[in-house]
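What follows is the residue order along each chain.
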Amino acid sequence: MSKPKAKASADDKPDSLSATLLAIGRLGLMVIGIIGIAVDLFRDDGWLKQAFSKLFSSTTGMIAIPVIILLVYLANRWFTAPRRGELTKRGDIPLYLMMGIGAFFLFRLITTGSF
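Small disclaimer: the values here were computed from a predicted structure and weren't measured.

A. Main features of the overall build of the protein chain. Each helix and strand in the protein chain was counted, giving four helices and zero strands. The secondary structure elements of the protein chain, listed N-terminal to C-terminal, are α-α-α-α. Sequence separation of at least 24 residues holds for 54% of the intrachain contacts in the protein chain that already meet a minimum separation of 6. By element, 69% of the accessible surface of the protein chain is carried by carbon and sulfur atoms, the whole surface being about 9800 Å².

And the structure:
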């Protein structure tokens, strides 16, 4: 037996070509941003090595670790919607931030030839 198909409502319309191209562009910028951050994090003298050396070099850096964890936790709580069914635009902030980072790395890739 075949599965019953979901009924299409009158509001269901396919995305336009421009909406599809914009979504592909957003995805592309996000992927370039993720790749650029990964390259800068894990190179020999990258951001990760520099951050760990600064954090563990003094007691002030050691005290900053719980503060950083608290700030990351509070940011996560702020970005997520508090109740089911409630939609907020705050969840789009990381998307646009990553798109901006992707645009930066794309510009750097075009002008210098490398990340």
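So that's the structure; there's more coming.
B. Summary view of the pattern of salt bridges. Scanning all chains against the criterion turns up two salt bridges. Notably, a salt bridge pairs D40 with R43, separated by 3.3 Å at the nearest N-O pair. For R43, a relative accessible area of 40% corresponds to the partly exposed category. Among the salt bridges present, the one from D40 reaches R108, with a minimum N-O distance of 3.3 Å. One end of the pair, D40, is in helix α1 (residues 17-42); the other, R108, is in helix α4 (residues 93-112), with 68 residues separating them in the sequence. Look at D40 and you get buried, because its relative accessible area is 4%.

C. Fine view of the environment of R108. A residue is classified by how much of its surface remains accessible, and R108, at 23% relative accessible area, is partly exposed. At a separation of 3.3 Å, a polar atom in the side chain of R108 contacts the side chain of D40.

D. How the structure looks around the packing of aromatic side chains. Tallied over the full model, the rule gives two aromatic pairs. Consider the rings of F52 and F56, whose centres lie 5.9 Å apart with planes at 20°: the pair is stacked. Take F52: its relative accessible area is 44%, and that puts it in the partly exposed class. Given the relative accessible area of 49%, F56 is considered partly exposed. Relative to F105, the ring of F104 lies with its centre 5.2 Å away and its plane at 65°, an arrangement referred to as edge-to-face. Looking at F105, the relative accessible area reads 1%, which means it is buried.

Rules and cut-offs
Residues numbered from 1 in each chain as written. Predicted model: local features only at pLDDT ≥ 70, side-chain atom pairs only at ≥ 80, totals over all residues. Heavy atoms only, no water. Helix = DSSP H or I, 4+ residues; strand = E, 2+ residues; numbered from the N terminus. Contact = heavy atoms within 4.5 Å. Areas by Shrake-Rupley, 256 points an atom, 1.4 Å probe, with all protein chains shown as cover. Salt bridge = Lys/Arg side-chain N within 4 Å of Asp/Glu carboxyl O. Buried < 20%, exposed > 50% of the residue type's maximum accessible area, 1.4 Å probe, protein only. Polar contact = N/O pair within 3.5 Å; in protein donor to acceptor, adjacent residues only side chain to side chain. Phe/Tyr/Trp six-rings, centres within 6.5 Å; stacked < 30°, edge-to-face > 60°.

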